[in-house]
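Residues per chain are reported as follows:
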Number of protein chains: 2
Amino acid sequence: MIRIRMHVEGPPMSRVPTSKDVARVAGVSQPTVSRALAGHPQVSPATRDRVRKVAEELGYVPLESGRALRRGRTRRIAVVASPDDLLDPCQPQLVVPLHQALTAAGYRTTLLAEAADTAVLAQVTDGSVDGVVLAAHSGSTVPRRLAASGVPHVLVNRLAPADGHPSCGADHRQGAAEIASVVAGLGHTEVALVLGPRRMRTSLDREAGFRGVLAGVRAVRTRVLRGGYDHATGVAAAQALLGAARRPTAILCASDTIALGVLHEARMRGVDVPGEVTVTGYDDVPMAGLEPYALTTVRHDPGRMAAEAVRLLLAQIGTDAPAAPESVVLPADVVLRGTHGPPRA
Amino acid sequence: MIRIRMHVEGPPMSRVPTSKDVARVAGVSQPTVSRALAGHPQVSPATRDRVRKVAEELGYVPLESGRALRRGRTRRIAVVASPDDLLDPCQPQLVVPLHQALTAAGYRTTLLAEAADTAVLAQVTDGSVDGVVLAAHSGSTVPRRLAASGVPHVLVNRLAPADGHPSCGADHRQGAAEIASVVAGLGHTEVALVLGPRRMRTSLDREAGFRGVLAGVRAVRTRVLRGGYDHATGVAAAQALLGAARRPTAILCASDTIALGVLHEARMRGVDVPGEVTVTGYDDVPMAGLEPYALTTVRHDPGRMAAEAVRLLLAQIGTDAPAAPESVVLPADVVLRGTHGPPRA
DNA sequence: TTGTAAGCGTTATCAT
DNA sequence: ATGATAACGCTTACAA
């Protein structure tokens, strides 16, 4: 590691200008500065222009803390993600579309990805944010306590828990059930599930969907492997499954990244997909649709989910009356591509 | 899409408590509440405990706007990323390690990923953040204007531009030069470069490193393809290159995701790697090291880069004297795995 | 050890 | 159309 130090001469370093400074220079009262810059219609065009010019020259920007204190709102929203979600770089991110939707609505984004509930709670109940988007897998007390504190919030990527929190999610249980039906309908009887971590609600939902269907089909034998939502899990699972004495004829994965890992390991071993084994994913990440994979999977729409969540959140903030909490359930649809087929006769 | 509305009865909805409320209930003056909760040693244990108990009961949390206004600091740092970086989910992210480093240091993270310089500037010069981490590819005016406003900042993932901004980056030019030397040393003469977008500084650095070496080797013919930093670019590039009349014997990619795309297309076509063609990546993303790829690439350390950047930033904030801006250059090292070899005789 | 007073910079109310 | 005044909630200096 190389360190470089550069010499700079001390700058004049004057104080950061306030509206008072602008007022003095422009020859008006301080509140007039505020009104002029806020574009109040009652300010005469002449003074408005003069004030704006002076503000520009001095490089004046209204201090956010002052505004927030006075107004009681910050136009800032916290996005609470779990550290895990953030770390896994190859799953459909919610944080980015959430940030975009918030930015579009004129809100700033404060990112929170801490483990401790209390740390999170302290940072969203101190008036520093106008609302909270909970994208974390918290089966935690945070939503309850937010409601108690009267902080507007929305749960995202979670089905309506019916306990009074607004939420937006995709019906992963149904999506998983659908693709399991497709696979079962093809006649597969030796089926393997490769699932994500138990603490993630989305993984549990998908598992429930898979199992709900497969348990109802006579003669289907199901085995289950568990790991992360990641590629390495898929590779490891495929090594175990494809090397086993009784190979499964279909491998249903809880995420596309897992499925891609399975696919790659299958190709490494010269196992034909879908000739010898059917592989399905979940999420429809961009890579899944590309030529070399053509993964059969389940599509949902994180962008739309984010937009709906933001809509639900802002609806609470706009009105003082906390209208009945609304929940939005988005569909999850099977996308048939090239990695499924009937079991080898 | 299904919408669900739930009925809730209007809660009592009392005002959010302030230190004044706590003071009244605890029977002390309002500043004593502040001192008690801040843990000032002069407060008697008895009143400290009483105040804390009341605060707890009322659910009092000091309002952040009030603190910030009074103290002149927010303990908040803005991370400015480019929307592109955020959107591409499969490249080594800086945002996550930056967030972690900031959290560890007791700072909150405000995420900014807007296109317009003016929008960014407005949000970081209004006193809402104590400092700025610039992770964006901005060849923009933002750093200059931040310096002019006296806002502490640090450039990250960029080599020291020697114009007085503290910065932290990896020497991608050197890393690229090194891997190009390896490939040239193997005797390759038909070399293709698959690069990222021109507007990204990291891509330009890597290009310069590649070209600097290859131009100096007699008899090397270089062709260049350009696209995004993503998988699809690699797939498309490989289609073009491997289908060409005169195939390259080595393909140097500006990112691992590109290289993985190339690898997959090569396997689809039954082109042996590294027997028929050498493929190298850049970044050493987790997937690159996995068995089925074993990609020869260049490693650098985004986590360490983030940590160093945060260190440099906080150093400016702690001290009033703006010490000489320091820059840190981290190494980028070749990782030899299984996708390189001599050209086929 | 604790209370009183002041002030951070802004916006809103009320005069004029 | 604009100025004077107040208040948002907090921390600090000073007084007691």
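If you're wondering where the values come from, they're calculated on a predicted model, not measured in any experiment. (Residues numbered from 1 in each chain as written. Chains lettered and ligands numbered in written order. Predicted model: local features only at pLDDT ≥ 70, side-chain atom pairs only at ≥ 80, totals over all residues. Heavy atoms only, no water.)

**A look at the sheet that holds strand β7 (residues 190-195) of chain B**
All names here are of chain B. Operational definition: When DSSP finds two or more bridges between two strands, those strands count as paired. A run of DSSP states H or I qualifies as a helix once it reaches four residues; a run of E qualifies as a strand once it reaches two. Both are numbered from the N-terminal end. With axes taken as lines fitted to C-alpha atoms, and helix axes fitted only over the stretch in contact, angles between N-to-C directions fall between 0 and 180 degrees.
Strand order in the open sheet formed by 4 strands is β8-β7-β9-β10, and the pairing between neighbours is parallel. Each edge of the open sheet is held by one strand with a lone partner, namely β8 (221-226) and β10 (278-280). Averaged over all neighbouring strand pairs, the angle between strand axes comes to 15°, with direction disregarded. Pairing geometry for β7 and strand β9 (residues 250-253), over 4 bridges, is parallel. Across the sheet, A192 pairs through a bridge with I251, a residue of β9.

**Here's the deal with helix α3 (residues 45-58) of chain B**
Helical geometry note: an α-helix holds 3.6 residues per turn, so side chains three or four residues apart project in the same direction. All names here are of chain B. In plain terms, the rule: Multiply 1.5 Å by the residue count of a helix minus one, and that product is the helix's expected span. Type-normalised accessible area, obtained with a 1.4 Å probe on protein chains alone, sets the label of each residue: buried when under 20%, exposed when over 50%, and partly exposed for intermediate values. Directions from the helix axis toward the C-beta atoms define the arc. Whether two residues are in contact is decided by their heavy atoms: any pair within 4.5 Å suffices.
Between its first and last C-alpha, α3 extends 20 Å over 14 residues, near the 20 Å set by a 1.5 Å rise per residue. Looking at α3, one finds that the buried residues are T47, V51, V54 and A55. One side of α3 holds all its buried residues, which, seen down the axis, span an arc of 100°. Exposed residues pointing more than 90 degrees away from the buried face of α3 are listed as A46, K53, E56 and E57. Where α3 is buried, its residues contact α1 (19-26) and α2 (30-38).

**A look at the pattern of salt bridges**
For the record, the criterion: One speaks of a salt bridge when a side-chain nitrogen belonging to Lys or Arg is within 4 Å of a carboxyl oxygen belonging to Asp or Glu.
Enumeration according to the criterion identifies 40 salt bridges over all chains in this entry. In this structure, the salt-bridge partner of E207 of chain B is R211 of chain B, at a minimum N-O distance of 2.9 Å. Pair noted here: E207 of chain B and R211 of chain B are both in helix α10 (residues 201-214), with a separation of 4 residues, about one helical turn. By relative accessible area, which is 37% here, R211 of chain B ends up partly exposed. E207 of chain B is paired through a salt bridge with R226 of chain B; the nearest N and O atoms lie 3.1 Å apart. Of this pair, E207 of chain B sits in helix α10 while R226 of chain B sits in strand β8, and the two are 19 residues apart along the sequence. The class for E207 of chain B is buried, based on a relative accessible area of 10%. Taken together, the salt bridges that share partners define one network made up of E190, R221, R223 and R246 of chain A.

**Here's the deal with a nonpolar patch on the surface**
Spelled out, the test is: Residues enter a patch when their relative accessible area is above 30% and they make no salt bridge; the linking distance is 9 Å between like charges and 5 Å between nonpolar side chains (Val, Leu, Ile, Met, Phe, Trp, Tyr). Values of accessible area rely on a 1.4 Å probe in the Shrake-Rupley scheme; residue burial ignores everything except the protein chains shown.
On the surface, a nonpolar cluster with roughly 310 Å² of combined accessible area is contributed by L63 and L69 of chain A together with L63 and L69 of chain B. Here L63 of chain B lies in the loop between α3 and α4 (64-71).

**A few points about the protein's contact with DNA strand D**
Just so we agree on the cut-off: The nearness test applies per residue and asks whether one of its heavy atoms lies within 4 Å of the molecule or strand. Whenever a nitrogen or oxygen atom comes within 3.5 Å of another N or O atom, the pair is scored as a polar contact, on the condition that within protein one atom can donate a hydrogen and the other can accept it, and that pairs from neighbouring residues in sequence are kept only if both atoms are in side chains. Note on residue classes: Ala, Val, Leu, Ile, Met, Phe, Trp, Tyr, Cys and Pro are nonpolar, Asp, Glu, Lys and Arg are charged, and everything else, Gly too, is polar.
Taken together, 25 residues lie near DNA strand D, and T32 of chain A together with S19, S34, Y60 and R70 of chain B sit nearest. The sugar-phosphate share of atoms of DNA strand D within 4 Å of the protein amounts to 61%. Contacts to DNA strand D include Y60 of chain B, whose side-chain N or O atom sits 2.4 Å from a phosphate oxygen. Listed by contribution, the elements that provide at least two residues to the surface near DNA strand D are α2 (30-38) and α4 (64-71) of chain A together with α2 and α4 of chain B. Among the elements that line the surface near DNA strand D, the one with the most residues is α4 of chain B, at 5 residues. Taken together, the residues of the surface near DNA strand D break down into 9 nonpolar, 10 polar and 6 charged.

**Here we look at the UniProt feature "domain: HTH lacI-type" (unreviewed entry) in chain A**
Stated precisely, the cut-off is as follows: UniProt positions are given in the numbering used here, feature names are shortened, and annotations may be inferred rather than shown by experiment.
Feature annotation in UniProt places "domain: HTH lacI-type" (unreviewed entry) on residues 17-71 of chain A, given in this structure's numbering. Helix makes up 71% of residues 17-71 of chain A and strand 0%, with an end-to-end C-alpha separation of 21 Å.

**Description of the protein's contact with DNA strand C**
As a structural note, the neighbourhood of DNA strand C is formed by 25 residues, with S19, S34, Y60 and R70 of chain A together with T32 of chain B the closest of them. Within the side chain of T32 of chain B, one N or O atom sits 2.7 Å away from a phosphate oxygen of DNA strand C. A distance of 3.0 Å separates a sugar or linking oxygen of DNA strand C from a polar backbone atom of Q42 of chain B. Of all the secondary-structure elements, those providing two or more residues to the surface near DNA strand C are α2 and α4 of chain A together with α2 and α4 of chain B. Looking at the surface near DNA strand C, its residues break down into 9 nonpolar, 10 polar and 6 charged.

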